[in-house]
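Listed here are the chains, written in short residue letters.
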Amino acid sequence: MALVLSEDAQLVRDQAMDFFREKSPILALRKLRDSNDADGFSRALWKEMADLGWTGFVVSEESGGSGFGMVGLGQVLEAAGRTLAPSPLISTALIGASALDIAGTTTQKSAYLSGLLAGDVITALATDEGSHHAPGNVATTARAEAGGYVLDGRKSFVLDGHVADMLIVSAKTDAGITLFLVPAKTAGVSIQRRIMVDSRNAAIVTLAGVKLGANAVLGSVGGGAALLERILDRARVGLAAEMLGSSCEAFDRTVQYLKDRKQFGVAIGSFQALKHRAAQMFAEIEVTRSAVLAALVALDEGAEDAASLVSLAKAKANTTFNLTSSEGIQMHGGIGMTDEHEIGFFLKRSRVAELTFGSTGFHQDRYASLLGY
Amino acid sequence: MALVLSEDAQLVRDQAMDFFREKSPILALRKLRDSNDADGFSRALWKEMADLGWTGFVVSEESGGSGFGMVGLGQVLEAAGRTLAPSPLISTALIGASALDIAGTTTQKSAYLSGLLAGDVITALATDEGSHHAPGNVATTARAEAGGYVLDGRKSFVLDGHVADMLIVSAKTDAGITLFLVPAKTAGVSIQRRIMVDSRNAAIVTLAGVKLGANAVLGSVGGGAALLERILDRARVGLAAEMLGSSCEAFDRTVQYLKDRKQFGVAIGSFQALKHRAAQMFAEIEVTRSAVLAALVALDEGAEDAASLVSLAKAKANTTFNLTSSEGIQMHGGIGMTDEHEIGFFLKRSRVAELTFGSTGFHQDRYASLLGY
Amino acid sequence: MASLATFRAETRAWLEENCPPIMRTPAPADETVWGGRNPTWKFPEQKLWMDRMAAKGWTLPTCPKQYGGGGLSLEQAEILAEEMNALGCRAPLQGMGQTMLAPVLIEYGTEAQKQEHLPAIIKGEIRWCQGYSEPGAGSDLAGLQSRAVLQGDHFLVNAHKIWTSNAHYADKIFCLVRTDPTAKKHEGISFLLIEMAQPGVRPRPIRLISGASVFCETFIENVQVPKENLLGEMNKGWTIAKRLLEHERKSIGGIGARQSQRADMPMQDVAKLHAGEVDGKIADPALRANIATFQMDAAAFQLTRKRAADEAEAGRPPGPMSAMFKYYATELNKRRYESILAAEGVQGMGWDGDDFKPDEIRWTREWLRSKANTIEGGTSEVQLNIIAKRVLGLPD
Amino acid sequence: MASLATFRAETRAWLEENCPPIMRTPAPADETVWGGRNPTWKFPEQKLWMDRMAAKGWTLPTCPKQYGGGGLSLEQAEILAEEMNALGCRAPLQGMGQTMLAPVLIEYGTEAQKQEHLPAIIKGEIRWCQGYSEPGAGSDLAGLQSRAVLQGDHFLVNAHKIWTSNAHYADKIFCLVRTDPTAKKHEGISFLLIEMAQPGVRPRPIRLISGASVFCETFIENVQVPKENLLGEMNKGWTIAKRLLEHERKSIGGIGARQSQRADMPMQDVAKLHAGEVDGKIADPALRANIATFQMDAAAFQLTRKRAADEAEAGRPPGPMSAMFKYYATELNKRRYESILAAEGVQGMGWDGDDFKPDEIRWTREWLRSKANTIEGGTSEVQLNIIAKRVLGLPD
């Protein structure tokens, strides 16, 4: 595996960087927040993203996508992270598209995929039930009944759940954890929006006697745990790519501030203690970039060690974004504490992203287990 | 509990500081090392320490000691740590004296205690069997036979074992872990000296069919685990006090070097990055000092939370000595890597002391358990 | 010592009799009593408790009695604090008048200034705010550019201050201004006391990342300030400013320390609730280690504060340790909130919505607020500089 | 690319045929091949392997063929390294001649200097050492005080150098000396090549904390050095010195990285051995977390080195990332040994005695040795300064 972007990937990267800087700067997030926007993102912009083909990057050509792969989508996500742009990229272009592409039947694909690719169908993954990422802890049940299933349970942190047209739900059957495709409008499904500190959304999804046909099963009955891990690994590294972008942006802004801000008659960036901390952040960003790229490539190539590389990428993205956002706040001093300044948005985003799809401890544990200790 | 030294303790402290600086500077340790001294410490100096009453600080007046307590002995140990002085203070004045004072019968005390107080009897605690501190893991057996016991087993890291006259050995009986007083000359006891990286000693003690009378039991049969914890808690905080002294000395020497060493035409202590790291060490030393003193006081007062304070003290001493010795080496630069310079002795001592009587992880775990999580 | 024991007994008895039960419960941030000309009361016991304490001068215990203070010795004040803590008594009155201005008024004020301002602070009649920082003068406070020109019996003041906390609720502001722009930067500064309720003084609340707006940017334009409102000597204000900062740092270090003990629910229980437990231990070892590491450092710091107090009480000369209090307390407080968030998981990341408990939302906001701890009152970097220079003697 | 594939195949075939089996086993530190006039051989395959590789010029793969080098492109050299790594081939020859001096000889040497020195380095005939640091010139290397005065056809040299590694075994030393004491400190330095085996040159081994004595303090007193042994221009030695340091840092960064992969026993197995295991996991969660944290950082760094190589291979302009290699590699290497020691417990703290295995004693010594990694070749502090200035553009 070569850890270098193809020229195509580089083009996508440049295009995405321009796109988000121009169309979705942090100001856009602020406006959505301050206007209490019901969606929390711009549907018009999402349509534009779909038109650029981003919804089809991880979907094979046979299924209507471009098969461009995770490396490509990673570039888009990194660019989105630069401006903290809210969009269904992760819930839909990454998770929904992956789930359908990996395991969807022809019927399922035809029901959802063209709409998804066009930017008309939004999906959401409903897996975690507690406040910590734990895909194996499933209390939600799927009882076989009349040739179909009845689902009961509660999902706690469903990204973009409040705008989703279709939910991917994990539930226990007699054969083990199974994934189901559940249209959001199905009777018995209720969705409650939650506004998070980063001004993005997650929802509580309650399933009360939700009746589904047998064709709602995604993949095989009882095969949900393994399938979920495949989908989640894409989600984890995709989020890590976004966090890498955010880390870079927080860092760049901080370095610029160190050059601009004068105290005691000199730029504060001339103080050695701050210099060393900045240089250490630079180093952490570089190794995080490598880990993220390696995991993206590994998923595209189906490498054997993809899972451990994904955990490496997410763990490094967690600690690096935590570091760059915390240092960003401290080095900006008082001005960074004001809502008017944008550096605080990175702090808020960092902790939510850190806890999404596995904390540092979660991935450290997983990494060690995968490596046999 | 008042966290302030009494005037008496302050006097002991001053006396001990003078004693070690004058009679046992680091040069003394170097000479013992380079001459491959068979004892690894000076017996003459040990006799002087006994004459100063230090062997009797934790022994009650009824038993011939002064009952001066742990706070007093802690001051002596801190002073010993300043010059990395090797002596049986911990193995004998702290552990052996404590064991006999807490649990010794009149017969046991008369057999060992007056010799110990006089500096003639050296004791050693033989508990750990692996390479990590784990007093509960005892494979050594004590089989009841003919009104006495037969001991078989192997102890791995017995401080001052090679010079000990009497060993305190933990072994399993049918009733549970039990402590035994075992004269080193007993048939079946073999002791192999090990020279550690800090130029101090630990021994492997092998017990092969060692026959003891019933009067060799220290405390009650089956009551060894609780008794051992009491003895170990004294050892842990005593060692923490020694490590505090070593941390202070490593730090003071480093700060002095920062003032003396010139590069780029200025003292390297004028570089802000080094200043900040030095200031952070100062803060860590201050909080470590408080934790050590609080644990010493708590043991003297029999406070309920003594055990958790001991773990706090040892854990903080571990991390602070690790920090000050590591930074000491780095800040001294090349000269610190030479054997001729003394700062390296602190690095070597720090890691051995860190692993003795419980690593940081051990005490963190114990602290959390004691606090109910 | 006998008299201290008596004092302790009498104090406890008085507190038990006079502190209303509701004022013995933990105080949410929005129930702090600030006093002032336009005080806000959530319930009458707040005022009752403030008035009773003020009558004894215990809203400023060590201030001399002739100015309405408690006239207590340091030991007595410590006993009062301990007894209040033991009974869980809330602070009867808080504010920068008490914690920052009063000590320097006592030290540097004229008799007239003390008579005018101290009783009003003690009774909670006047609420003060602080006019120190400026947009271009943060860590480099002495680089301030606000001007005051002496014109006969008054100063003409033009100032632009920032981080004036609660300026929009304050009655008066103590303000650093430059009175000699030609002098070296530390030598042309004066300390003025200025009325807020007058034309030309305009506080503008700043919204913080936590969503709160307790700080203001304050503009003072062409305002005449009577000459007798100068505290200390003209152009010697920096001495007072530094002294006041010491009091501020002590106060911040103290707050940080107290906060790190306060807990609606101990963080270990929060962790068990959200991450589960096995054999009584927090199930997630990384989270357990995180919490234990924090709590051990917090405990060691508490013991250090106690050691400093015990040494002072024993009459020992003050050691250098207090130089690290502000730094350590504020860094710990940040870690405290990070640990709580780590324990809560995404449930601690809520901003709004019925599904989050008020405590959860409050913690999240307080977490954001805690980030300012290591910036306000002298950044951690400035604190480390000070330790390196004054305690360790490292060269500039 | 086709020719590279061919090159790879041919290289592998040649290595398989020519590398003696014993030279495909991990090399203990005391079996390093250094060459020189008085080489030491532990067994004949060492010399055989060195001579075979030297004959192909692969002891210095990218050096032009006319000087005895391999004449390989960077891509070919990378392939050679990969194939040697794949077969586990030991380095045929090591030393400062190859890694540091040769690159600057090629860049700055006269034709005569290249003809004289490069073949001798490549064949392992001459062993070099480095005369850079002085007791008063460590991080501030340009502050060096050693003197060389041009007197007709020779320089008269008086120098006091430190950290001259293996000077007591070396044949020659490359040396920084001050030739113009009146110039600014970076502008009066020259780069000299000096014979060790002559009166007046006296290396004195320094005992290190690890017990080893690989470094010397070297005194050069009134030694005449022929004028033609000046490398580059007079008083322009600093340019060469800096260039050589870059090669040294790369080499140290590389060693650190390779070492952190090498393992007689993987540290997780050491941990299981000493701390036990439960369900296949290291029983002590703190130790497990310590090891995982290290290994993840080490893996991320390895990937970063690979990313740099892959970008170079793809012809992308070099990014700034390599500026952090020396810093990161050496800090990692220190952590590696700390993690191993934490895993071994007191069994890793032995200095002497039969009860410690040779591997355990060796690890302990290597742990101590690793502390120098972040000092030699530019301290971590200097590396961070460089990153801040050159990469981030932060002001002085």
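If you're wondering where the values come from, they're calculated on a predicted model, not measured in any experiment.

K.L.:
Help me understand the state of the cysteines, please; the structure alone is not making it clear to me.
P.N.:
By definition, a disulfide is the covalent link that joins the sulfur atoms of two cysteine residues. Residue and element names in this part refer to chain C. By the definition in use, this model includes 0 disulfides over all chains. Cysteine 216 provides the cysteine sulfur closest to cysteine 129, a residue in no disulfide bond, and the two sulfurs are 7.7 Å apart. We classify cysteine 216 as buried; its relative accessible area is 0%.

K.L.:
Hey, could you run me through the relation of the copies chain B and chain A in this one?
P.N.:
Laying chain B over chain A is done by rotating through 180 degrees and shifting 0.0 Å along the axis; what remains is an RMSD of 0.0 Å. Those values place the two copies in the arrangement expected of a two-fold rotation axis. Rotation axis and chain B: the residue whose C-alpha lies nearest the axis is Ala273(B), separated from it by 2.0 Å. The fraction of interface residues of chain B whose copies in chain A are also interface residues reaches 100%, indicating that both copies meet through the same surface.

K.L.:
Teacher, can you tell me more about the interface of chain D and chain A here?
P.N.:
It is common to give the size of an interface as the accessible area lost on bringing the parts into contact. Chain D puts 40 residues into the contact, and the matching count from chain A is 45 residues. Of the roughly 3400 Å² buried at the junction of chain D and chain A (both faces included), carbon and sulfur atoms supply 65%. Ranking the residues of chain D by area buried against chain A places Met296(D), Arg307(D) and Leu392(D) at the top, with a combined share of 20%. One can count 4 salt bridges joining chain D with chain A. Broken down by element, the residue count for the side of chain D that touches chain A peaks at 17 residues, all from helix 8 (residues 285–313) of chain D. Looking at side-chain class alone, the side of chain D that touches chain A contains 22 nonpolar, 7 polar and 11 charged residues.

K.L.:
What exactly am I supposed to notice about the interface of chain B and chain A here?
P.N.:
Across the boundary between the two partners, chain B contributes 5 residues, which contact 5 residues of chain A. For the chain B and chain A pair, buried surface summed over both sides reaches about 370 Å², with 52% attributable to carbon and sulfur atoms. Taken together, the connections running from chain B to chain A amount to 0 salt bridges. Its residues assigned to classes, the side of chain B that touches chain A comprises 3 nonpolar, 2 polar and no charged.

K.L.:
Where do I start with helix 8 (residues 285–313) of chain C in this structure?
P.N.:
Turn by turn, an α-helix covers 3.6 residues, leaving residues three or four places apart pointing in a common direction. Residues and elements named next belong to chain C. The terminal C-alpha atoms of helix 8, which comprises 29 residues, lie 41 Å apart, in line with the 42 Å expected from a rise of 1.5 Å per residue. Two to three positions downstream of the cap, the backbone nitrogen of alanine 286 sits 2.9 Å from a side-chain oxygen, assigning the N-cap of helix 8 to aspartate 284. Remark: glycine 315 follows helix 8 within two positions and exhibits a positive phi of approximately 75 degrees.

Criteria and cut-off values
- Residues numbered from 1 in each chain as written.
- Chains lettered and ligands numbered in written order.
- Predicted model: local features only at pLDDT ≥ 70, side-chain atom pairs only at ≥ 80, totals over all residues.
- Heavy atoms only, no water.
- Disulfide = S-S within 2.5 Å.
- Buried < 20%, exposed > 50% of the residue type's maximum accessible area, 1.4 Å probe, protein only.
- Least-squares fit on C-alpha atoms with pLDDT ≥ 70 in both.
- Contact = heavy atoms within 4.5 Å.
- Buried area = accessible area lost by both parts, 1.4 Å probe.
- Salt bridge = Lys/Arg side-chain N within 4 Å of Asp/Glu carboxyl O.
- Helix = DSSP H or I, 4+ residues; strand = E, 2+ residues; numbered from the N terminus.
- Nonpolar A, V, L, I, M, F, W, Y, C, P; charged D, E, K, R; others polar.
- Expected span 1.5 Å × (residues − 1).
- Polar contact = N/O pair within 3.5 Å; in protein donor to acceptor, adjacent residues only side chain to side chain.

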